[in-house]
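# Inside the fold
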Amino acid sequence: MERSLQFESILRRLTHQIRATLDEKQILQTVVNELGKFLGVLFCNVGLYDSRRTYSLISYEYTTLSTSGVGARVWMRDFPLFYEQLWRGWCFQLCARDRQRDPNTLPPYLTKLACPIADDQGILGDLWLARPPEESFSDWEIDLAQQMAAQCAIALRQARLYLSSQAQVTELKKLSQIRDNFLAAVSHELRTPLTSISLSVHLLKLSHQVSPLTPKQIQYLEVLEQACEREISLINDLLDLQTLLGDRLKLPSEKVNLPFLLAPLINRFQDQMRKRQQTLQVHWDPHLPYLHTHPRLLERLVCELLTNAHKFTPAGEHIVLEAVALGSDRWELRLTNTGTTIPLEEQERIFEQFYRIPHSDPWQQGGTGLGLALAQAIANHLGGSLQVESTAHQTTFILRLPAAESC
């Protein structure tokens, strides 16, 4: 009974320590230390296999001897009978010499216990324990060693998967930074010539009063002007987004009356929406407090949301903008448009840069896929959040921001 309790205690303690970390070194060194001390062995070590299974590298060890085997390579071709059994997943004990240490510090032979560190994906290494030749390992000790080897295999897989995922995340961040730097550089380079082209077009249209242009020439100038405005808008969005994501935008907060701030913007959109037979309704909470925020950024955020709603709402449908107080320190703005549904699997992706939901634009007017990414970046910069909810034929964007100054 006492031995059974000890067995359960050491197994529970080691399992807990192994699962408490994803550090491979800490996991394996803990196992050999705790297991070696508990079983009172001469040494306990873990060997890790190379990818081609040609050798086992003794990587972690607990020892009571004057010499250590850490760093030694055990070539599998020299011990084919041992490694054939380990590859098959067998645990065994034997009496054999130890060739990795100074023979003057050891008895001629040792009793050794070998367990494979393996799972259903394959073998990763082995666990070895050694005792004087007159001693052997009991059934419960072998069972304990086997269970710890199995736990090591699970922990090793998890640790290596974690390291692999971390490496992938780091690489993705590097690629994202490279992309952002490239976009910022190209945007800076393109803005100046596009601005010059736009100014030239404007001057040519003014010269029409002095030297009349043909209707065809005027049409060409208007097409060129619209293209320039569209490209300049894209470049400005890119530069604004990079500035926000890099947290390089520092603007002073001001006391803002939300209905007063957004009135000109709403009036402009109401005119545009009437042309498409869309209805814009606005509801303000009478208890809405004054806000301490950046008015230009907040107006830009709401403009992006209204632009998105105007773009994706079919004719005859409704757009509702409402703001409510959430206590004294937070408020919420909700923009709902009917006649459109965002699939659940798309709801996270719509805030990604350049992402556009396929076949979702009823007006076929195109776009860059930067509007919602920019809106979310502004919301984060202002210390709030922007989320989306979408059910059958209705989509709502929810902006939550602090009423007090947050940045």
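Note that the structure is predicted; figures quoted are calculated from it, not measured. (Residues numbered from 1 in each chain as written. Predicted model: local features only at pLDDT ≥ 70, side-chain atom pairs only at ≥ 80, totals over all residues. Heavy atoms only, no water.)

## Description of the overall build of the chain
- Each helix and strand counted, the chain has 8 helices and 13 strands in total.
- Computed over the C-alpha atoms, the radius of gyration of the chain is 35 Å, more than 25% above the 22 Å expected from 2.2 N^0.38 for a compact globule of 407 residues.
- C-alpha extents for the chain along the principal axes are approximately 110 × 50 × 40 Å.
- Within the span of the chain, comprising 407 residues, buried residues form 42% of the whole. (Helix = DSSP H or I, 4+ residues; strand = E, 2+ residues; numbered from the N terminus. Rg over C-alpha atoms; globule rule 2.2 N^0.38 Å. Buried < 20%, exposed > 50% of the residue type's maximum accessible area, 1.4 Å probe, protein only.)

## Describing the pattern of salt bridges
- Considering all chains together, one arrives at 11 salt bridges under this definition.
- Note that Glu389 and Arg334 form a salt bridge whose closest N and O atoms lie 4.0 Å from each other. With a gap of 55 residues between them, Glu389 in strand β12 (residues 385-391) and Arg334 in strand β11 (residues 330-338) connect regions that are remote in the sequence.
- Note that Glu352 and Arg349 form a salt bridge whose closest N and O atoms lie 3.3 Å from each other. (Salt bridge = Lys/Arg side-chain N within 4 Å of Asp/Glu carboxyl O.)

## As for the sheet that holds strand β4 (residues 92-96)
- The strand order across the open sheet formed by 6 strands is β3-β2-β1-β6-β5-β4, and the pairing between neighbours is antiparallel. One side of each edge strand has no neighbouring strand; the edge strands of this open sheet are β3 (73-75) and β4. Put simply, the sheet's adjacent strands are angled 30° from each other on average, direction ignored.
- Inspection of the sheet shows strand β5 (residues 110-119) paired to strand β6 (residues 122-131) by 9 bridges, in the antiparallel sense. Across the sheet, residue Ile117 finds its bridge partner in β6, namely Gly125.
- Strands β1 (43-49), β2 (55-63) and β6 of the sheet are contacted by helix α2 (residues 24-39), whose axis makes an angle of about 55° with β2.
- Of the strands in this sheet, β1, β2, β3, β4, β5 and β6 touch helix α3 (residues 80-87), which is tilted by about 125° from β6. (Pairing = 2+ DSSP bridges. Axes fitted to C-alpha atoms, helices over the stretch in contact; angles between N-to-C directions. Contact = heavy atoms within 4.5 Å.)

## A few points about the sheet that holds β11
- Spatially, β8-β10-β11-β13-β12 is the arrangement adopted by the 5 strands of the open sheet, whose pairing is mixed. The open sheet has two edge strands with one neighbour each: β8 (279-284) and β12. When the angles between neighbouring strand axes are averaged without regard to direction, this sheet yields 15°.
- Pairing of strand β10 (residues 318-326) with β11 involves 8 bridges; the strand directions are antiparallel. Across the sheet, Ile319 pairs through a bridge with Asn337, a residue of β11.
- Running over the sheet, helix α6 (residues 258-275) touches β8, β10 and β11 and is turned about 165° from β8.

## Focus: the packing of aromatic side chains
- One pass over the structure, following the stated rule, counts 8 aromatic pairs.
- Arranged with centres 6.1 Å apart and planes meeting at 70°, the rings of Tyr49 and Tyr83 form a pair that is edge-to-face. Of the two residues, Tyr49 sits in strand β1 while Tyr83 sits in helix α3, which places them 34 residues apart along the sequence. Across this residue pair, the class does not change: Tyr49 and Tyr83 are buried.
- With a centroid separation of 5.7 Å and 10° between ring planes, the pair formed by Phe79 and Phe82 is classed as stacked.
- Assessed through its relative accessible area of 16%, Phe79 is described here as buried.
- Taken together, the ring pairs in this structure connect Phe79, Phe82, Phe92 and Trp128 into an aromatic cluster.
- Lying over the aromatic face of Tyr290, Lys255 brings its terminal NZ or CZ to 4.8 Å of the ring centre. (Phe/Tyr/Trp six-rings, centres within 6.5 Å; stacked < 30°, edge-to-face > 60°. Lys NZ or Arg CZ within 6 Å of the ring centre and 35° of its normal.)

## What about the environment of Thr64?
- The residue Thr64 is located in the loop between β2 and β3 in this model.
- Between the C-alpha atoms of Thr64 and Leu42, which are 22 residues apart in sequence, the distance is 5.4 Å.

## Some remarks on α6
- For α6, built from 18 residues, the straight-helix expectation of 26 Å at 1.5 Å per residue is met to within 8% by its first-to-last C-alpha distance of 26 Å.
- Of all the bends found along α6, the most pronounced is centred on Pro264 and spans about 40°.
- Those residues of α6 that fall on the buried side of the exposure criterion are Leu258, Leu261, Leu262, Leu265, Ile266, Phe269 and Met273.
- Contacts made by the buried residues of α6 are with β7 (254-256), β8, β9 (291-293), α7 (295-312), β10 and β11.
- Directly after α6, the chain includes Gln277, whose backbone phi takes a positive value near 60°. (Expected span 1.5 Å × (residues − 1). Bend = angle between axes of the 7 residues up to and from the residue.)

## Describing the nonpolar core
- Counting residues in hydrophobic clusters, the biggest one holds 46 residues, and the most contacted among them are Leu258, Leu298, Trp331, Phe397 and Leu399.
- Elements that contribute at least two residues to this core include exactly α5 (215-245), α6, α7, β10, β11, α8 (371-381), β12 and β13 (394-402).
- Within the second largest apolar cluster, 33 residues are counted, among which are Ile18, Ile27, Leu28 and Ile117. (Core = buried A, V, L, I, M, F, W, Y, C linked by side-chain atoms within 4.5 Å.)

## As for the side chain of Thr313
- Relative to the elements of secondary structure, Thr313 occurs in the loop between α7 and β10.
- According to the relative accessible area criterion, Thr313 is buried, its value standing at 0%.
- Within polar-contact distance, the side chain of Thr313 engages the backbone oxygen of Ala309 at 2.5 Å. (Polar contact = N/O pair within 3.5 Å; in protein donor to acceptor, adjacent residues only side chain to side chain.)

## Side note on a nonpolar patch on the surface
- Where nonpolar side chains cluster on the molecular surface, the patch consists of Leu22, Tyr162 and Leu163 and spans about 270 Å² of accessible area.
- Mapping Leu22 onto the fold places it in the loop between α1 (2-19) and α2.
- Residue class for Leu22 comes out partly exposed when judged on its relative accessible area of 36%. (Patch = residues over 30% accessible without salt bridge, like charges linked within 9 Å, V, L, I, M, F, W, Y side chains within 5 Å. Areas by Shrake-Rupley, 256 points an atom, 1.4 Å probe, with all protein chains shown as cover.)

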